[in-house]
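Commentary on secondary and tertiary structure
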Amino acid sequence: MPSSQPIVDGKVVSLHYTLTLDDGEVVDSSRGQEPMSYLHGSGAIVPGLERGLSGRAAGETVKVSVPPEDAYGEREDAAIQVVDRAAFPPDEILAPGQSFQAVDDEDNAVTGRITAVDGDAVTIDFNHPLAGETLHFEVEITGVRDASAEERHHGHVHGPGGHHHH
Ligand code: ZN
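In this text, all values refer to a predicted model and were calculated from it rather than measured experimentally. (Residues numbered from 1 in each chain as written. Predicted model: local features only at pLDDT ≥ 70, side-chain atom pairs only at ≥ 80, totals over all residues. Heavy atoms only, no water.)

The next thing to look at is the overall build of the protein chain. When its secondary structure is counted, the protein chain shows 2 helices and 9 strands. Its helices and strands in sequence order give the protein chain the pattern β-β-β-α-β-β-β-β-β-β-α, from N to C terminus. Taking 2.2 N^0.38 as the reference for a compact globule, 166 residues should give roughly 15 Å; the C-alpha atoms of the protein chain span a radius of gyration of 19 Å, well beyond that estimate. Along the first, second and third principal axes, the C-alpha atoms of the protein chain reach 65 × 40 × 30 Å. Burial statistics for the protein chain: of 166 residues in total, 32% are counted as buried. (Helix = DSSP H or I, 4+ residues; strand = E, 2+ residues; numbered from the N terminus. Rg over C-alpha atoms; globule rule 2.2 N^0.38 Å. Buried < 20%, exposed > 50% of the residue type's maximum accessible area, 1.4 Å probe, protein only.)

Given below as structure tokens:
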């Protein structure tokens with residue numbers, strides 16, 4: 001059995017996780033798939049979860065509750081915008097609940113969700129779908145290993161469960 005090394009920056013961590021909200025709704029899980037892998041300290045996962053896993057080791061099961069400020073932030077009214085129907089392709093059928101990709105002022109990809117369509121006024125919510133939520137993670141740490149030099153250089157994991165190479 002390999003000696004268990006604690007999770008510190010620069011380790012590649014493999015884990016199974018289940019993400020539940022306050023109301024008990026399971027919104028995401030790796031169960032039934034390959035474990036997820038990430039490079040610890042790279043900011044690949046929400047800060048509150050990364051902190052909660054620091055110092056833990058393979059074989060441990062960890063429960064971490066992460067408030068919005070350490071996850072996807074609070075919901076902001078300013079992220080809800082009303083745009084003209086003409087901003088969308090004319091043949092696109094717009095309906096509440098629809099999501100689409102857009103680019104913000106700083107060229108970051110953002111996801112907007114249409115929340116209302118009233119004539120030519122389309123209301124779009126650019127808040128992250130999990131903004132304002134406390135995230136309850138149940139994590140089973142399945143592996144901890146050193147990152148390769150290439151992974152450290154790229155700042156992400158290569159291989160199964162990790163980043164698909166570019
Ligand atoms: Zn890479």
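Counting residues in hydrophobic clusters, the biggest one holds 21 residues, and the most contacted among them are Leu49, Leu53, Leu135, Phe137, Val139 and Ile141. If you list the elements that add at least two residues to this core, you get strand E1 (11-20), helix H1 (47-53), strand E4 (61-66) and strand E9 (135-146). Counting residues per element, this core draws most heavily on E9, at 5 residues. In this structure, Leu49 is in contact with Val64, Val66, Phe137 and Val139, ignoring residues within four places of it in sequence. Formed by 6 residues, the second largest nonpolar core is a distinct cluster that contains Phe100, Ile114, Val122 and Ile124. (Core = buried A, V, L, I, M, F, W, Y, C linked by side-chain atoms within 4.5 Å. Contact = heavy atoms within 4.5 Å.)

Next up on the list: the pairing of strand E2 (residues 26-29). Sheet topology note: the E1/E2 ladder contains 3 bridges and is antiparallel. When the bridges of E2 are listed, Leu19 appears paired with Asp28. Two successive antiparallel strands, E1 and E2, enclose a turn made up of 5 residues, where Gly24 displays a positive phi of approximately 90 degrees. (Pairing = 2+ DSSP bridges.)

Moving on to the layout of surface pockets. Any empty space left between the atoms is revealed when a probe the size of a water molecule rolls over them. Considered as a void within the structure, the largest pocket measures approximately 250 Å³ in volume. In terms of lining residues, the largest pocket is bounded by 15 residues, among which Tyr17, Leu19, Asp28, Tyr72 and Phe137 are the most central. Among the elements of the structure, E1, E2, strand E3 (36-39) and E9 are those that each provide at least two residues to the lining of the largest pocket. The greatest single-element share of the lining of the largest pocket, amounting to 3 residues, is contributed by E1. Per-class residue counts for the lining of the largest pocket are 14 nonpolar, no polar and 1 charged. (1 Å grid on protein atoms, 1.4 Å probe; cavity = no way out; pocket = protein on both sides within 12 Å on 5 of 7 lines; lining within 4 Å. Points joined across faces, edges and corners; volume = space filled by probe spheres on them. Nonpolar A, V, L, I, M, F, W, Y, C, P; charged D, E, K, R; others polar.)

This part takes up the sheet that holds strand E6 (residues 99-103). Here 4 strands make up an open sheet; going across it, the order is E5-E8-E7-E6 and the pairing antiparallel. In this open sheet, the two edge strands, each paired with only one partner strand, are strand E5 (80-84) and E6. Looking at each pair of strands side by side, their axes are set apart by 40 degrees on average, direction ignored. Taken together, the 5 bridges between strand E7 (residues 109-118) and strand E8 (residues 121-125) define a ladder with antiparallel strand orientation. By the bridge assignment, Asp118 is partnered in E8 with Ala121. (Axes fitted to C-alpha atoms, helices over the stretch in contact; angles between N-to-C directions.)

Another aspect to go through is a negative patch on the surface. Together, Glu69, Glu74, Glu76 and Asp77 make up a negatively charged patch on the protein surface. Structurally, the position occupied by Glu74 is in the loop between E4 and E5. (Patch = residues over 30% accessible without salt bridge, like charges linked within 9 Å, V, L, I, M, F, W, Y side chains within 5 Å. Areas by Shrake-Rupley, 256 points an atom, 1.4 Å probe, with all protein chains shown as cover. Salt bridge = Lys/Arg side-chain N within 4 Å of Asp/Glu carboxyl O. Lys, Arg positive; Asp, Glu negative; His and termini not counted. Charge placed at Lys NZ, Arg CZ, Asp CG, Glu CD.)

This part is about the pattern of salt bridges. Per the counting criterion, the structure on display carries 7 salt bridges. Glu60 is the partner of Arg56 in a salt bridge, and the nearest nitrogen-oxygen pair spans 2.8 Å. Residue classification places Arg56 among the partly exposed residues on the basis of a relative accessible area of 29%. A relative accessible area of 27% places Glu60 in the partly exposed class. Taking the shortest distance from any N to any O, the salt bridge between Arg113 and Asp125 comes out at 3.7 Å. Highlighted residues: Arg113 in strand E7 and Asp125 in strand E8, separated in sequence by 12 residues.

These values are about where atoms sit, not about what they do.
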